[in-house]
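Chain residues, written in single-letter form:
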Amino acid sequence: MNRRTLLRSTLIGAAATLVLASCSSETSLPDGALGDPNNARLTFWDNNAGPDRTPLYEELIRRFEAANPGIDIEYVGLPSDSAQQKYQTALAGGSAPDLGIVSTAYLAPLVAQNAVISLDDFVAASPQHDEYDAGILESARESGGGEHLYGLPYTSNNATLWYRADWFAEAGIEPPDTYDEFYEAAQTLTDKDDGRYGFTIRGGAGSIYPLLQYMFASTGVESFFEDGESTLNRPEMVDAIERFAALYDVDTPTADVNNGFPQMVASFGGGSVAMMQHNLGSLSNHEKALGDKAGAVALPRNEDGKRTVMTDPFPSYTVFKSSKNQAAAWKFVEFMTSQESQAYWNERVGQIPVNKTARSAPEFANMPSVQAALAALDDPETVLVTPPDYLPDFGKIVQVQMLGQWQKVLIGQLSAQDFADDFAEKLDRSMAKYIARQGK
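Basis of the calculations
- Residues take numbers from 1 onward in each chain, read along the sequence in its written order.
- Reporting in this predicted model follows two pLDDT cut-offs: at least 70 for local features of residues, and 80 or more for side-chain atom pairs to be given and counted; totals over whole chains, interfaces and linings ignore these cut-offs and use all residues.
- No hydrogens and no water enter the side-chain calculation; it runs on all heavy atoms of the structure.
- Helix numbers and strand numbers start at the N terminus; a helix is a DSSP run of H or I with at least 4 residues, a strand a run of E with at least 2.
- Residue burial is assigned from relative accessible area. The probe radius is 1.4 Å, only protein chains are included, and a residue is buried under 20% of its type maximum, exposed over 50%, and partly exposed in between.
- Here, two residues are considered to be in contact whenever any of their heavy atoms come within 4.5 Å of each other.
- A 1.4 Å probe and the Shrake-Rupley method give the accessible areas. Residues count as covered only by the protein chains that appear here.
- His is not counted here, nor are the chain ends, while Lys and Arg score as positive and Asp and Glu score as negative.
- Taken as the charge centre is NZ of Lys, CZ of Arg, CG of Asp or CD of Glu, depending on the residue.
- One bridge is not enough; two strands pair if DSSP finds at least two bridges between them.
- Axis geometry follows a simple rule: fit a line to the C-alpha atoms, using only the stretch in contact for helices, then measure angles between N-to-C directions, giving values from 0 to 180 degrees.
- Working definition: a ring pair exists when centres of Phe, Tyr or Trp rings (six-membered ring for Trp) sit within 6.5 Å. Plane angles under 30 degrees give stacked, over 60 give edge-to-face, the rest tilted.
- For a ring to carry a charge above it, either NZ of a lysine or CZ of an arginine must fall within 6 Å of the ring centroid while also lying within 35 degrees of the normal to the ring plane.
- Each reported salt bridge corresponds to a side-chain nitrogen of Lys or Arg within 4 Å of a carboxyl oxygen of Asp or Glu.
- Taken from the helix axis, the directions to the C-beta atoms give the arc we talk about.
- Under this scheme an angle from 65 to 115 degrees is roughly perpendicular, one under 35 degrees roughly parallel, and one over 145 degrees roughly antiparallel; angles in between are oblique.
- We call a crossing left-handed when the near helix sits turned anticlockwise from the far one by less than a right angle, and right-handed when that turn is clockwise.
- The residue classification treats Ala, Val, Leu, Ile, Met, Phe, Trp, Tyr, Cys and Pro as nonpolar and Asp, Glu, Lys and Arg as charged. All others, Gly included, are polar.

Colleague: Break down the overall build of the chain for me, citing the residues and quoting the values.
Modeller: Looking only at helices and strands, one finds 17 helices and 15 strands in the chain. Sorting the 440 residues of the chain into buried and exposed places 56% on the buried side. Expressed as a percentage of contacts within the chain between residues at least 6 apart in sequence, the contacts between residues at least 24 apart total 79%. Only carbon and sulfur atoms are counted for the fraction: they give 46% of the accessible area of the chain, which is about 17,700 Å². Of the side chains in the chain, 33 bear a positive and 59 a negative charge, and the two mean positions are spaced by 5 Å.

Colleague: Quick one: what's the story with helix α13 (residues 339-349), residue by residue and with numbers?
Modeller: Of all 11 residues that make up α13, nine are buried, and the element is covered over most of its length. All of the buried residues in α13 are Gln339, Ser341, Gln342, Ala343, Tyr344, Trp345, Asn346, Glu347 and Val349. On its buried face, α13 is in contact with α1 (54-67), β6 (155-156), α12 (326-336) and β14 (352-353). Phi for glycine 350, located one or two positions after α13, is positive at around 75°.

Colleague: How would you sum up the sheet that holds strand β11 (residues 294-298)? Please name residues and give values.
Modeller: Spatial strand order, β10-β7-β11: three strands in an open sheet with antiparallel pairing. Only two strands of the sheet have a single partner each, and these edge strands are β10 (275-279) and β11. Looking at each pair of strands side by side, their axes are set apart by 35° on average, direction ignored. In terms of strand pairing, strand β7 (residues 159-164) meets β11 through five bridges, oriented antiparallel. In the sheet register, tyrosine 163 faces β11, and the bridge partner there is glycine 295. Against the sheet, helix α11 (residues 283-290) contacts β7, β10 and β11, and its axis sits at roughly 5° relative to β7. The sheet contacts of helix α14 (residues 368-378) involve β7 and β11, and relative to β11 the element is tilted by about 10°.

Colleague: Quick rundown of the sheet that holds strand β2 (residues 40-46)? Include the residues and the values.
Modeller: With mixed pairing, the five strands of this open sheet are ordered in space as β3-β2-β4-β13-β5. One side of each edge strand has no neighbouring strand; the edge strands of this open sheet are β3 (71-77) and β5 (152-153). Two strands pair when backbone bridges link them, and strand β4 (residues 99-103) and strand β13 (residues 315-319) are joined in this way by five bridges, in the antiparallel orientation. Bridged to isoleucine 101 within β13 is tyrosine 317. The strands that α1 touches are β2, β3, β4 and β13; relative to β3, the one it contacts most, it runs at about 170°.

Colleague: Account for the packing of aromatic side chains, with residues named and values stated.
Modeller: Going through the model one piece at a time under the given rule, you end up with 26 aromatic pairs. Centre to centre, the rings of phenylalanine 64 and phenylalanine 332 are 5.1 Å apart; their planes meet at 75°, and the pair counts as edge-to-face. Of this pair, phenylalanine 64 sits in helix α1 while phenylalanine 332 sits in helix α12, and the two are 268 residues apart along the sequence. This pair shows no difference in class: phenylalanine 64 is buried, exactly as phenylalanine 332 is. Taking 4.7 Å as the distance between ring centres and 45° as the angle between the ring planes, the aromatic pair formed by phenylalanine 216 and phenylalanine 224 counts as tilted. Overall, the relative accessible area of 0% leaves phenylalanine 216 in the buried class. Grouped by ring-pair contacts, the aromatic residues Phe44, Tyr57, Phe64, Tyr75, Tyr154, Tyr317, Phe332, Phe335 and Trp345 constitute a single cluster. In this structure, arginine 63 packs its charged tip against the face of tyrosine 344, placed 4.4 Å from the ring centre.

Colleague: Would you mind going over the environment of glycine 260 in detail, with residue names and values included?
Modeller: The topology assignment puts glycine 260 in the loop between α9 (235-245) and α10 (261-270). What glycine 260 contacts, discounting residues up to four positions off in sequence, is Arg202, Gly204 and Ala205.

Colleague: Could you give me a rundown of the pattern of salt bridges, with the residues and numbers involved?
Modeller: Here the idea is simple: oppositely charged side chains can pair when their charged atoms come close. What the rule picks out here adds up to 18 salt bridges. As a salt-bridge pair, aspartate 177 and arginine 301 come within 3.0 Å of each other at their nearest N and O atoms. One end of the pair, aspartate 177, is in the loop between α6 (165-171) and α7 (179-188); the other, arginine 301, is in the loop between β11 and β12 (308-310), with 124 residues separating them in the sequence. When its relative accessible area of 31% is taken as the criterion, aspartate 177 is described as partly exposed. With a relative accessible area of 23%, arginine 301 lands in the partly exposed category. Residues glutamate 425 and arginine 429 are paired through a salt bridge, measuring 3.0 Å at the closest nitrogen-oxygen approach.

Colleague: How would you explain helix α16 (residues 403-410) if you had to name every residue and give the values?
Modeller: Buried within α16 we find Leu403, Gln405, Trp406, Val409 and Leu410. End-on, the buried residues of α16 take up no more than an arc of 160°, which puts them together on one face. On its buried side, α16 packs onto α8 (208-219), α9, α15 (394-401) and α17 (416-438). Two residues or fewer after α16 comes glycine 412, characterised by a positive phi angle close to 85°.

Colleague: Any details on the pairing of β3? Residues and values, ideally.
Modeller: Here β2 runs beside β3; their pairing, made up of seven bridges, is parallel. Among the inter-strand pairings, arginine 41 is bridged to a residue of β3, identified as aspartate 72.

Colleague: I'd love a proper account of unusual backbone geometry, names of residues and values included.
Modeller: For asparagine 114, which is not glycine, the phi dihedral falls at a positive 60°. Along the polypeptide, asparagine 114 turns up in the loop between α3 (107-112) and α4 (120-125). Unlike most non-glycine residues, aspartate 249 shows phi in positive territory, near 65°. Residue position: aspartate 249 is located in the loop between α9 and α10.

Colleague: Any details on the packing of α8 against α9? Residues and values, ideally.
Modeller: Each packed pair of helices is defined by two parameters, the angle between the axes and the distance between the axes. It is the contact of α8 with α9, at a shortest axis distance of 9 Å, that shows an interaxial angle of 120°. The orientation of α8 with respect to α9, classified from their angle, is oblique. Crossing geometry of α8 relative to α9 is assigned as right-handed. In this structure, α8 uses Leu211, Tyr214, Met215, Phe216, Ser218 and Thr219 to contact α9, whose residues at the interface are Glu236, Met237, Ala240, Ile241, Arg243 and Phe244. Counted by class, the contact of α8 with α9 contains eight nonpolar, two polar and two charged residues.

The quantities given are spatial measurements derived from coordinates; they are silent on function.
The structure is reproduced here in structure tokens:
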């Protein structure tokens, strides 16, 4: 049951000239692709619509339609907190879109429902197939629960340690490269009398995923399951949880027990905390609040000197089986994952393109957070841990069931051992369900 991928990301050294080009003459299709690749009206759903990202899709759609005048794209923006349910409602009502953006966190149920098509043959036939990061594609296959690629990722959004570069300079210390250095920095930069804290620990909504990323990064454990059992209650994992929780209300604000992303960003940007753990997606927030006072490094190394990176869910382009325009839908996906489109989108959100050639765009060189993430991924000893999104209950366990338990750990009402045992037991039960459904 080990699901480990070693991600070796090859950076392209030379800068590229980004020129918009039509995909019409370059698209190759596998046998059996449904519909006319040059004439269709496609419905495209975005699972994370909003004022920052919707205009990016609108611009890329405009470019695609200009290059492919026989294809019209109907863009539908969904709020991120209800996108999964809206997909399920559409499937139940027989009104699924032609294609949409689906997080790997909830891709597996769509695969189990036979609602989406494999993209392996499309990728293999594409002139761009060698440009896609093979490690990321393999992780996406694992998230789908099998051998096939049911969603093509277009961005990677790794966990990052954001830090106040000015505070570190004033204290004469370097940003942490190991977890011992991280804990030392948190203590050094805490000054409660001055309203300053070394770290903000996420205790509210969305807190379990970053906790897991910390657990794997700090221990070097390389998979969620080994020998058929969860690794989350191993002694080193329990020790890591205890050490992390001990920061709370000592080197972190008291309010952290209830804080989610908005409150963390406000604390960091408002000048009350020195470090926060979040993914690359918060770059724009930090730039607006702090400018060049915000620094970024990859999550620290473990005791063995290696980096263990548990991936964030990949947003992926997915084509629905009910679509009669699968050929045209793939043509749009191929355009959206081209070098030009990938550079345009990822530059503006501060994340990593899955198309490797797009990483040579000069704008990425001016993003320390992206460069730190790429340097970590380019290290041949970095291990990528894929979360078991294929498990039927994984999302509910992480998003709902363990949240209150983690808060109890922070305030001393639950031991790290009991928390880890509960977590591991829930994952083991979910794995047993998955195996039973697979008939293994």
